[in-house]
Amino acid sequence: DFNYTRNGISISRYADSNITWEVSRKMNLGFELGLWNSLEVQFDYFTEKRTNILQIRQDIPPTMGLQAQPQANIGEAKGHGIDLSVDYNKSFTKNFWAIFSGNFTYATSKYLVYEEPDYVQTPWRSRIDQKLSQRWGYVAERLFLDDEEVKNSPKQMFGEYGAGDIKYKDINGDMKIDENDQVPIGYPTTPEIIYGFGLTTGYKNFDFSFFFQGSARSSFWIDPTATAPFVSDSSLGGNNQRALLKYWADSHWSEDNRDIFALWPRLSNVANENNQQTSTWFMRDGSFLRLKSVEIGYSLPQKWIRPISLQNVRLYATGSNLLVFSKFKMWDPEMAGNGFSYPLQRVFNFGINIEF
């Protein structure tokens, strides 16, 4: 038959007439406060409980012979948070006025019911009572100093590794590093705090405004696969290899510089599975504060423009994405784990508004 074959029946999912809608119950309590015809405060407290969340069943034994994992409405989660906004509008004199605005949001959520294997022996692997966007990974202690330390350490089940590679912590003490040693690490990947504040003010013919925005309580992970130097990148075409980031060039483990806390492990021209595991080694704080926009303007005096039948002429200059304050310095923190993506641009504009 010349090795002729045909695929058999393949099942990617099973029909289930019991699958239904997810249910969400929400509550919102708030108040508004106005004072002195200038200050307005709005505060909201909100909660949400979700039930019937569709999840993949985890307690189906392989002896049942199913080709695909069934799904069912078994998950439950809850969240809560606050929203706060403050606006202040005041004319201090005939020629001087100001408007201040600020907002703050805190929101968090966690699983109440999540079907999973029995984690009695490794309770740190359970998702129950953990954040919805929480990540699990390995605790990286440092880099291996030499091959002798590799031999005398718990075995890491991630392919070949050696001196200069990442050394992980044996959480359960069984002398091997595998999925049972994964623990919740860092903050959720979705920021729990979002905030912003800005000011618009004017004095006589001049006006000025700025706005800051920021986030806090989030983590991201540098992608070691996307940033690994000397590894062939198919997106570049052919056998092209990535360049060496200056940060990796300035701080990496080598035989001449056995820095066990270098930013990058030993250099290699092939992907290193051991160093590509999700861990605290490449975990970074995603908090930042950005100067999102600044604008300054000047309106020409009426006595200059009335003779030529104009209502208003305003000259202005604006800038956006001017500054960012963050513990992470390698690239823009909003780019998260891959610094090779196209960054946010710093933009400057100059213009004139004319009203007839």
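Everything quoted here is computed from the prediction, not taken from an experiment. (Residues numbered from 1 in each chain as written. Predicted model: local features only at pLDDT ≥ 70, side-chain atom pairs only at ≥ 80, totals over all residues. Heavy atoms only, no water.)

### Brief notes about empty space enclosed by the protein
For the coordinates displayed, the defined rule picks out one cavity of 30 Å³ or more. Volume-wise, the largest cavity comes out at about 140 Å³. If you go around the largest cavity, you meet 15 residues; those closest to its centre are Ala 228, Trp 264, Val 270, Asn 272 and Asn 275. (1 Å grid on protein atoms, 1.4 Å probe; cavity = no way out; pocket = protein on both sides within 12 Å on 5 of 7 lines; lining within 4 Å. Points joined across faces, edges and corners; volume = space filled by probe spheres on them.)

### Some remarks on the side chain of Ser 215
Positionally, Ser 215 belongs in strand β12 (residues 206-216). Take Ser 215: its relative accessible area is 5%, and that puts it in the buried class. Not counting chain neighbours up to four residues away, the residues in contact with Ser 215 comprise Pro 191, Ile 193, Ile 194, Tyr 195, Gly 286, Ser 287 and Phe 288. (Helix = DSSP H or I, 4+ residues; strand = E, 2+ residues; numbered from the N terminus. Buried < 20%, exposed > 50% of the residue type's maximum accessible area, 1.4 Å probe, protein only. Contact = heavy atoms within 4.5 Å.)

### Focus on the layout of surface pockets
Here the largest pocket defines a volume of roughly 250 Å³. Together, 17 residues line the largest pocket, and Ala 107, Thr 108, Ser 109, Leu 132 and Thr 190 are the ones closest to its centre. For the lining of the largest pocket, the elements supplying multiple residues, two or more each, are β2 (39-56), β3 (71-91) and β4 (96-113). Looking at which element gives the most residues to the lining of the largest pocket, the answer is β3, with four residues. Counted by class, the lining of the largest pocket contains six nonpolar, six polar and five charged residues. (Nonpolar A, V, L, I, M, F, W, Y, C, P; charged D, E, K, R; others polar.)

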